[in-house]
Amino acid sequence: MKKYIGLVGTNSDKSTNRTLLQFMAKHFANEAAIEVTEIKEIPMFNKPEKMEVPAVVQELADKIEAADGVIISTPEYDHAVTASLMNALNWLSYGIYPFVDKPVMITGASYGTLGSSRAQAHLRQILDSPELKARIMPSSEFLLGHSLQAFDEEGNLKNPETIQQLEGLFEDFNTFVEIMKQLNHAHAANKKAAENFSWENN
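About the thresholds
- Residues numbered from 1 in each chain as written.
- Predicted model: local features only at pLDDT ≥ 70, side-chain atom pairs only at ≥ 80, totals over all residues.
- Heavy atoms only, no water.
- Helix = DSSP H or I, 4+ residues; strand = E, 2+ residues; numbered from the N terminus.
- Buried < 20%, exposed > 50% of the residue type's maximum accessible area, 1.4 Å probe, protein only.
- Phe/Tyr/Trp six-rings, centres within 6.5 Å; stacked < 30°, edge-to-face > 60°.
- Pairing = 2+ DSSP bridges.
- Salt bridge = Lys/Arg side-chain N within 4 Å of Asp/Glu carboxyl O.
- Arc of directions from axis to C-beta.
- Core = buried A, V, L, I, M, F, W, Y, C linked by side-chain atoms within 4.5 Å.
- Contact = heavy atoms within 4.5 Å.

1. Quick notes on the overall build of the protein chain
Piece 1. Counting secondary structure elements, the protein chain contains six helices and six strands.
Piece 2. In sequence order, the secondary structure elements of the protein chain are arranged as β-α-β-α-β-α-β-α-β-β-α-α.
Piece 3. With respect to the principal axes defined by its C-alpha atoms, the protein chain has extents near 50 × 35 × 30 Å.
Piece 4. For the protein chain, the residues scored as buried account for 50% of the 202 residues in total.

2. Re the environment of histidine 122
Piece 1. You can see histidine 122 is positioned in helix α4 (residues 117-127).
Piece 2. The class of histidine 122 is partly exposed, set by a relative accessible area of 22%.
Piece 3. A sequence separation of 116 residues divides histidine 122 from glycine 6, and the C-alpha atoms of the two residues are 18 Å apart.

3. Focus: the packing of aromatic side chains
Piece 1. A full pass over the atoms with the stated rule returns six aromatic pairs.
Piece 2. Centre to centre, the rings of tyrosine 4 and phenylalanine 173 are 5.1 Å apart; their planes meet at 50°, and the pair counts as tilted. Taken together, the residues span a long stretch of sequence, with tyrosine 4 in strand β1 (residues 2-8) and phenylalanine 173 in helix α5 (residues 160-182) at a distance of 169 residues. There is no split in this pair, since tyrosine 4 and phenylalanine 173 are both buried.

4. Re the pairing of β1
Piece 1. By the criterion of burial, β1 is predominantly enclosed, with six of the seven residues buried.
Piece 2. Alignment of β1 against strand β3 (residues 69-73), held across five bridges, turns out to be parallel. By the bridge assignment for β3, valine 8 is matched with serine 73.

5. A word on the pattern of salt bridges
Piece 1. Under the definition given, this model contains eight salt bridges.
Piece 2. One salt bridge in this structure joins glutamate 38 and arginine 18, with 2.7 Å as the shortest N-O distance. Pair noted here: glutamate 38 is in the loop between β2 (32-37) and α2 (55-66) and arginine 18 is in helix α1 (residues 16-27), with a separation of 20 residues, a long-range link.
Piece 3. In this structure glutamate 38 comes out as partly exposed when scored by relative accessible area, which is 31%.
Piece 4. Overall, arginine 18 belongs to the buried group, its relative accessible area being 8%.
Piece 5. In this structure, glutamate 178 engages lysine 181 in a salt bridge whose closest nitrogen and oxygen atoms are separated by 3.4 Å. Residue glutamate 178 and its partner lysine 181 are both found in helix α5; the two are separated by three residues, about one turn of the helix.
Piece 6. Each of Lys2, Asp68, Glu178 and Lys181 takes part in a single network of salt bridges with overlapping partners.

6. Quick word on helix α6 (residues 187-196)
Piece 1. Asn190, Lys191 and Ala194 are the residues of α6 that are buried. Down the axis of α6, the smallest arc covering the buried residues is 100°, so these residues share one side. For α6, exposure combined with an orientation more than 90 degrees from the buried face picks out Ala188, Lys192 and Asn196.

7. Focus on the nonpolar core
Across soluble globular proteins, nonpolar side chains show a tendency to be buried alongside one another.
Piece 1. One finds Ile72, Phe99 and Leu127 to be the most contacted residues of the largest nonpolar core, which totals 29 residues.
Piece 2. Ignoring any residue separated from it by four or fewer positions in sequence, one finds isoleucine 72 in contact with Leu7, Leu85, Phe99, Val104, Met105, Ile106, Thr107, Leu123 and Leu127.
Piece 3. In terms of nonpolar packing, the next biggest core, distinct from the first, is built from 27 residues, Met24, Ala25, Ile71 and Leu169 among them.

8. Quick word on the environment of phenylalanine 142
Piece 1. Along the chain, phenylalanine 142 turns up in strand β6 (residues 142-144).
Piece 2. In this structure phenylalanine 142 comes out as buried when scored by relative accessible area, which is 1%.
Piece 3. In this structure the C-alpha to C-alpha distance between phenylalanine 142 and glycine 108, which are 34 residues apart in sequence, comes to 6.4 Å.
Piece 4. For phenylalanine 142, the contacting residues outside a window of four places in its chain are Leu20, Ile106, Thr107, Gly108, Gln120, Leu157, Thr162, Gln165, Leu166 and Leu169.

The following block contains the structure:
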């Protein structure tokens, strides 16, 4: 069975993105083990000179490294991902490189109509950066709009069409993960390139 990290893209105590990942973990339990993981405890990135990362960051990096893939669910603020998600990704590309060649599925929930569409585009751009170099599933947006009304009291999605769309995308992600395993011959070189990259020398 595949093992995925479901990364909650906010430090908010109440988030429909967390609810979405929790629903996915329950709904797809027979297909994959999804560990819903928080970024709440990650401190502010301060670029320490010795490139030492906090223990909570290293623990998350180790989980990502060991996982078959990562599912990130992001809200949208000012057409972008949250500051807390940016902060986490800054740490996760500072002397450690767990996202290099790691398959990533992006989802998003928002209170409005657009369902975090701009934030998802922003996140794709970030994950494609030289220090992260993730493998982002193409042509796949799960945009959960009006998310406050989308779940019942047990945290289940209420709309059958929405569930069907999510099921199709998740099946595609499982296939994408398998394909990426076959396209990993340059992983060592990609990781070395991420380690050697420096904006200061370019």
